[in-house]
Amino acid sequence: MSLLRLAGRTVLVTGGAHGIGLALSRRLLDEGAEVVAVGRNRERVARLEAQFPGRAHGWIADLSKAAEVDALVRDLPALHPNLSIVVNNAAVQTQTDFLNDAPDDLRDPLQSEIALNFSAVVALSTGLLPVLKRRPAPAIVNITSGLALAPKAGAPVYCATKAAVRSFTKALRYQCEDRAPHVHVVEAVMALVDTDMTAGRGRGKITPERAAAEVVEGLKAGRSEIYVDRAKLLRTLMRVAPRVGERLMRGG
């Protein structure tokens, strides 16, 4: 485990102008990094750029659309040649009742959920890897959730995408450890964070700022797995009493 320096780095943060992503962008900027914040909302992105002129750079894209992901992979390195860290944070959660919701109404939202939460993570991680591996001490940081360890009933596809990202991240880490050991591949497992996504649901939420602080500190410490807040307890519970953990998580 080696310490990772953030000052002077260029970091891509998807969903970087809202919620956890905004908190991550600000924390990284406070550490002395430059941030390319990807988002769909122009006003939010512009607001971040105005707060950190010359160091926060916006990129407007809908990462649920493959063509916009491809454009990001193709065009970003020329505009930000010093890119050395990618944080795949953007995600959406669709509350779903397969027994009552009309299948035709679910098809498009769930396909978009899979595209954003999983397909974009794979495309950005692998598409930017040739650029990253030419940099000193590069990193790919994929944000998952405690729901990747044990799903809840109300958001089956979200839980499945986070479990998929978890497995993908571990396998990508294996490949890098074997053939490009200087590339640091990280999974950050989120606890319940107070964002628009979790509005009206759950108890014991932490702030996006606290979540971001734990992720950044774990990244600086060189950890490959970062369990945020109560996700640490869930990890232990799933090892010693998985049925209890699943029962606790089932209701969301």
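The structure reproduced in this document is the subject of the present report. It should be emphasised that the depicted structure is a prediction, and the values quoted were computed from it without experimental measurement.

Right, let's talk about the overall build of the chain for a bit. The secondary structure content of the chain amounts to eight helices and seven strands. Computed over C-alpha atoms, the radius of gyration of the chain comes to 17 Å, within 12% of the 18 Å expected from 2.2 N^0.38 for 252 residues, which places it in the range of a compact globule. With respect to the three principal axes, the spread of C-alpha positions in the chain is 50 × 40 × 35 Å. The proportion of buried residues among the 252 residues of the chain is 49%. When contacts within the chain are restricted to residue pairs at least 6 apart in sequence, those whose partners lie at least 24 apart make up 65%. Accessible surface for the chain amounts to roughly 12300 Å². Of this, 52% is attributable to carbon and sulfur atoms. Charge separation in the chain, taken as the distance between the mean sites of 34 positive and 26 negative side-chain charges, equals 6 Å.

With that out of the way, let us pick up the nonpolar core. Grouped together as the largest cluster of nonpolar side chains are 33 residues, with contacts concentrated most on Leu-24, Leu-28, Ile-85, Val-87 and Met-190. Of all the secondary structure elements, the ones that give two or more residues to this core are β1 (10-14), α1 (19-30), β2 (34-39), β4 (83-88), β5 (139-145), β6 (184-190) and α6 (208-220). Considering every element that reaches this core, the biggest residue donor is α1, with six residues. Other than its neighbours up to four places away in sequence, Ile-85 contacts Leu-4, Leu-6, Arg-9, Thr-10, Val-11, Leu-12, Leu-132, Ala-139 and Val-141. Counting 28 residues, the second largest nonpolar core, distinct from the first, contains Trp-59, Leu-76, Ile-140 and Val-183.

Below, the discussion takes up the side chain of Thr-144. If you trace the backbone, Thr-144 turns up in strand β5. One polar contact links Thr-144 to Glu-187, side chain to side chain, over a distance of 2.6 Å. When sequence neighbours within four positions are dropped, the list of residues in contact with Thr-144 reads Lys-162, Val-165, Arg-166, Glu-187, Ala-188, Val-189 and Met-190.

Attention now moves to the packing of α1 against α6. Between α1 and α6, the shortest axis-to-axis distance is 8 Å and the interhelical angle comes to 55 degrees. In terms of their interaxial angle, α1 and α6 are classed as oblique. Note that α1 runs across α6; the crossing there is right-handed. Packed against α1, whose contacting residues are Gly-19, Ile-20, Ala-23, Leu-24, Arg-27 and Leu-28, the element α6 presents Pro-208, Glu-209, Ala-212, Ala-213, Val-215, Val-216 and Glu-217 at the interface.

Quick look at the packing of aromatic side chains now. By the definition in use, this model includes zero aromatic pairs. Above the plane of the ring of Tyr-227 lies Arg-235, whose end atom (NZ or CZ) is 4.2 Å from the centre.

Once that is clear, we can look at the sheet that holds strand β7 (residues 225-227). In any sheet, the strands associate via hydrogen bonds between backbone groups, in a parallel or an antiparallel arrangement. Strand order in the open sheet made by the seven strands is β3-β2-β1-β4-β5-β6-β7, with parallel pairing throughout. In this open sheet, the two strands that pair with only one neighbour each are β3 (56-60) and β7. This sheet shows a mean twist of 20 degrees between the axes of neighbouring strands, independent of strand direction. In the sheet, β2 pairs with β3 via five bridges, with the strands oriented parallel. Each bridged residue has a counterpart across the sheet, and for Val-35 the counterpart in β3 is Ala-56.

Once that is clear, we can look at the side chain of Arg-9. You can see Arg-9 is positioned in the segment before β1. Of the buried charged residues, Arg-9 lacks a salt bridge, with Glu-31 as the closest side chain of opposite charge at 11 Å. Engagement of the side chain of Arg-9 in a polar contact is seen with the backbone oxygen of Arg-5, the distance being 3.2 Å. Those residues in contact with Arg-9, other than ones at most four positions away along the chain, are Leu-4, Ala-33, Glu-34, Ser-84, Ile-85, Pro-136, Ala-137 and Pro-138.

All right, on to α1 then. Here α1 is 12 residues long and its end C-alpha atoms lie 17 Å apart, about the 16 Å a rise of 1.5 Å per residue gives. Of all the residues in α1, the buried ones are Ile-20, Gly-21, Leu-22, Ala-23, Leu-24, Ser-25, Leu-28 and Leu-29. The positive-phi residue at the C-terminal boundary of α1 is Gly-32, with phi of around 100 degrees.

In this structure, Ala-137 takes a positive phi of about 50 degrees despite not being glycine. Structurally, Ala-137 is set in the loop between α4 (103-132) and β5. Residue class for Ala-137 comes out partly exposed when judged on its relative accessible area of 33%. Phi at Asp-229 is positive, roughly 50 degrees, even though this residue is not glycine. Position of Asp-229 relative to the elements: it lies in the loop between β7 and α7 (231-240).

Analysis parameters
- Residues numbered from 1 in each chain as written.
- Predicted model: local features only at pLDDT ≥ 70, side-chain atom pairs only at ≥ 80, totals over all residues.
- Heavy atoms only, no water.
- Helix = DSSP H or I, 4+ residues; strand = E, 2+ residues; numbered from the N terminus.
- Rg over C-alpha atoms; globule rule 2.2 N^0.38 Å.
- Buried < 20%, exposed > 50% of the residue type's maximum accessible area, 1.4 Å probe, protein only.
- Contact = heavy atoms within 4.5 Å.
- Areas by Shrake-Rupley, 256 points an atom, 1.4 Å probe, with all protein chains shown as cover.
- Lys, Arg positive; Asp, Glu negative; His and termini not counted.
- Charge placed at Lys NZ, Arg CZ, Asp CG, Glu CD.
- Core = buried A, V, L, I, M, F, W, Y, C linked by side-chain atoms within 4.5 Å.
- Polar contact = N/O pair within 3.5 Å; in protein donor to acceptor, adjacent residues only side chain to side chain.
- Axes fitted to C-alpha atoms, helices over the stretch in contact; angles between N-to-C directions.
- Parallel < 35°, antiparallel > 145°, perpendicular 65-115°, else oblique.
- Left-handed = near helix turned anticlockwise from the far one by under 90°.
- Phe/Tyr/Trp six-rings, centres within 6.5 Å; stacked < 30°, edge-to-face > 60°.
- Lys NZ or Arg CZ within 6 Å of the ring centre and 35° of its normal.
- Pairing = 2+ DSSP bridges.
- Salt bridge = Lys/Arg side-chain N within 4 Å of Asp/Glu carboxyl O.
- Expected span 1.5 Å × (residues − 1).

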